[in-house]
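# Results of the structural survey
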Amino acid sequence: MNNLIYLDNAATTFCSQIVAQKLAEFFSMPHGNPSGVHKLSLKSAKLIQEAREFFATSFQVKPTQVIFTASGTEANNLALSGMLQRSKRRIILTTPIEHASVLKTLESWAKRGFELCFLKINSQGQVDLDDLAQKLSAETALVSVMAVNNEIGTIAPLKTMGEIIRKKNRNILFHVDAVQAFGKVPLEFKNWNIDLLSISSHKIHGPIGAGALIMSDRVLLEPLLYGGGQEDGLRSGTESVGMILGFYWAAQEILKNQLENYQKISELKAYFMEGLKKLSCDIQMNSPEQSSPYILNISFKGCESEVLIRMLEEENIFTSSGASCNSRHRKSSHVLKAIGLSDKDIFGTIRFSFSPETKKEEIDKTLEILPRILERLRYVSH
Ligand SMILES: Cc1ncc(COP(=O)(O)O)c(C=O)c1O
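A quick note: this is a predicted structure, and the numbers were derived from the prediction, not measured.

## Overview of the site of the ligand
Around the ligand sit 14 residues, and of these T73, D177, Q180, S200 and K203 come closest. One of the backbone N or O atoms of G72 is found 2.8 Å from an oxygen atom in the ligand. Between H202 and the ligand, the recorded distance is 2.8 Å, taken from a side-chain N or O atom to an oxygen atom. When isolated, the ligand has an accessible area of 390 Å², and the protein chains bury 89% of it. With three residues, the single largest contributor to the shell around the ligand is helix α3 (residues 72-84). Classifying every residue of the shell around the ligand gives two nonpolar, 10 polar and two charged.

Structure follows, in C-alpha cells:
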C-alpha cells in the first residue's frame, strides 16, 4: 500500500526488509530438522545455536538459559506456569495493568489454590514501591511485572524493584514481561536481579512466530509442552528455525540502533504531542511524561475511538485503541480503568505507537488530517 502511515507498532511491527530478504533466502534453500544427524540437520542446529548465543551474550547469560518459544505469550506462560507448578510458596504478586497473557495465566493459578495479590499503582501506571515492600513475604513465590506497558507506555522501575525483592527474600523469583521494552528502552537482566524475562520477535521487526524466555541460573521450570525434549526439555516440538533466525536478525538490527532510535523517536513523540496540544479539541494524554517514546495514548473527549480509528484508516493512517486483544472484542481497557479513567474517556482512546521507520512528514500529515476528522465526528454526534 502506498502512502500508508502506520502508527500501530505496539500491536505488531512490519518485518524489516533486511530480515525479510534473509528469510526469503533461507526458505529457498534446503534445510533439515535441527534434531537430526545428517549435515542439513546439523546446519539447522548450528544456526539456532548461533541465534541462542547472540541472545545469551545480549543478556549476559549462558546459551542454555535462552529458551525459544513461538511468541511472547508462550514465553509468559512458560515462565509463570513453569515456575508455579514447582512452587511450594503460594502468593503471587503482580499489577492490574499486565498483559492478558500474564493476567489470565495467573488467574488460572489463583483457581488452583494460589493467592493472587495486586500491587497498588498510581494514575501513571507506576507501581507503589512501598506497597511492594510491604506485600512481599516468605510466602511469596513470584513477582511479575511488565517493563513497558503496552497501552500507555509506563516504564517500570525494574532495578529498584529487583533490589527490593532480592533484599526481602532471595527465594522470590522476579518475572519481567519485556515484550514492549526489548530493543527499545534500557533493560538489564543480570544487574536488575531479574530471573525470568519474556521477549517477542514481531514487536522488533522480526517475523510473527518467535519469542524467547531468558532465565537466570537459579530457575527450575516445569515444561508446558512434552515431547522430543527440544530446548533443554523445556519446550518440546521441532524448532521453527526460520522464525528463530528472523528473530535473531531483527534483534541484531534493533539492538545495534537502540540508542539512536530512542533519541529519534523521543523527538518525534514530543513533536507530535506539541502538535496535538495546538489542535482545537479536548484531549487528555494518558501516557506518563516519562514513558516509552514508542507509545502515546490519548483520550479524544466526546469521540468514540472505534469510529475515529476507522476514519483515520480511510485516510490511510493506521492506529488502534489499545491492546489488540481488547480492540477486537470491544472490551473496555483494564489498564485505563486501573489508572482511573472513566468509561467515557476510555471509549475515546487512541494509541499511537511508533517505530524507527516513522517519519516526521507522517506525523505532520496525521496532525493535518486529525482536525478535519474530529470536526466531522463532532458534527455527526450533535
Ligand atoms: C506487554 C506484552 N506482553 C505480551 C504480549 C504477547 O506477545 P505475543 O504477541 O508475541 O504473543 C504482548 C503483545 O501485544 C505485549 O504487548
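Picking up after the structure, the text goes on.
## Remarks on the environment of T238
Examined against the element boundaries, T238 turns out to sit in the loop between β8 (211-215) and α7 (241-256). For the pair T238 and I164, spaced 74 residues apart in sequence, the C-alpha to C-alpha distance is 39 Å. Setting aside its immediate chain neighbours within four residues, T238 contacts N33, P34 and Q230. Polar contacts involving the side chain of T238 include one to the side chain of N33, which spans 3.5 Å.

## A short note on helix α6 (residues 158-168)
By the burial criterion, the buried members of α6 are L158, M161, G162, I165 and R166. Relative to the axis of α6, the buried residues are bounded by an arc of 125° and lie together on one face. Here the buried face of α6 lies against α5 (129-135), β5 (140-146) and β6 (173-177).

## Brief notes about the domain arrangement of the protein
When cut into domains, the protein gives domain 1 (5-13 + 258-381) and domain 2 (17-256). Computed over C-alpha atoms, the centres of domain 1 and domain 2 are 28 Å apart. Listed as interface residues are 32 residues of domain 1 and, on the opposing side, 34 residues of domain 2. Summed over both sides, the interface of domain 1 with domain 2 buries roughly 2,400 Å², with 53% coming from carbon and sulfur. Linking domain 1 to domain 2 there are zero salt bridges. Our enumeration of links across domain 1 and domain 2 arrives at 15 residue pairs in polar contact (both at pLDDT 80 or more).

## Details of the pairing of β5
With respect to burial, β5 is a largely interior element, seven of its seven residues being buried. Alignment of strand β3 (residues 91-94) against β5, held across four bridges, turns out to be parallel. Looking at β5, one finds that T94 is bridged to S144. Note that β5 and β6 share five bridges and pair parallel. Bridge assignment links L142 to a residue of β6, and that residue is L173. Considered for its hand, the β-α-β crossover made up of β5, α6 and β6 is right-handed.

## Here we look at helix α8 (residues 258-278)
Between its terminal C-alpha atoms α8 stretches 30 Å, which fits the 30 Å expected from 21 residues at 1.5 Å a residue. Within the span of α8, buried status applies to Q258, N261, I265, L268, K269, F272, M273, G275 and L276. Taken end-on, α8 shows its buried residues confined to a sector of 160°, consistent with a single buried face. Across from the buried face of α8, at angles greater than 90 degrees, the exposed residues are L259, E260, K277 and K278.

About the cut-offs
- Residues numbered from 1 in each chain as written.
- Predicted model: local features only at pLDDT ≥ 70, side-chain atom pairs only at ≥ 80, totals over all residues.
- Heavy atoms only, no water.
- Near = heavy atom within 4 Å.
- Polar contact = N/O pair within 3.5 Å; in protein donor to acceptor, adjacent residues only side chain to side chain.
- Areas by Shrake-Rupley, 256 points an atom, 1.4 Å probe, with all protein chains shown as cover.
- Helix = DSSP H or I, 4+ residues; strand = E, 2+ residues; numbered from the N terminus.
- Nonpolar A, V, L, I, M, F, W, Y, C, P; charged D, E, K, R; others polar.
- Contact = heavy atoms within 4.5 Å.
- Buried < 20%, exposed > 50% of the residue type's maximum accessible area, 1.4 Å probe, protein only.
- Arc of directions from axis to C-beta.
- Domains from an automatic or database assignment.
- Buried area = accessible area lost by both parts, 1.4 Å probe.
- Salt bridge = Lys/Arg side-chain N within 4 Å of Asp/Glu carboxyl O.
- Pairing = 2+ DSSP bridges.
- Right-handed = clockwise from strand over helix to strand, strands pointing away.
- Expected span 1.5 Å × (residues − 1).

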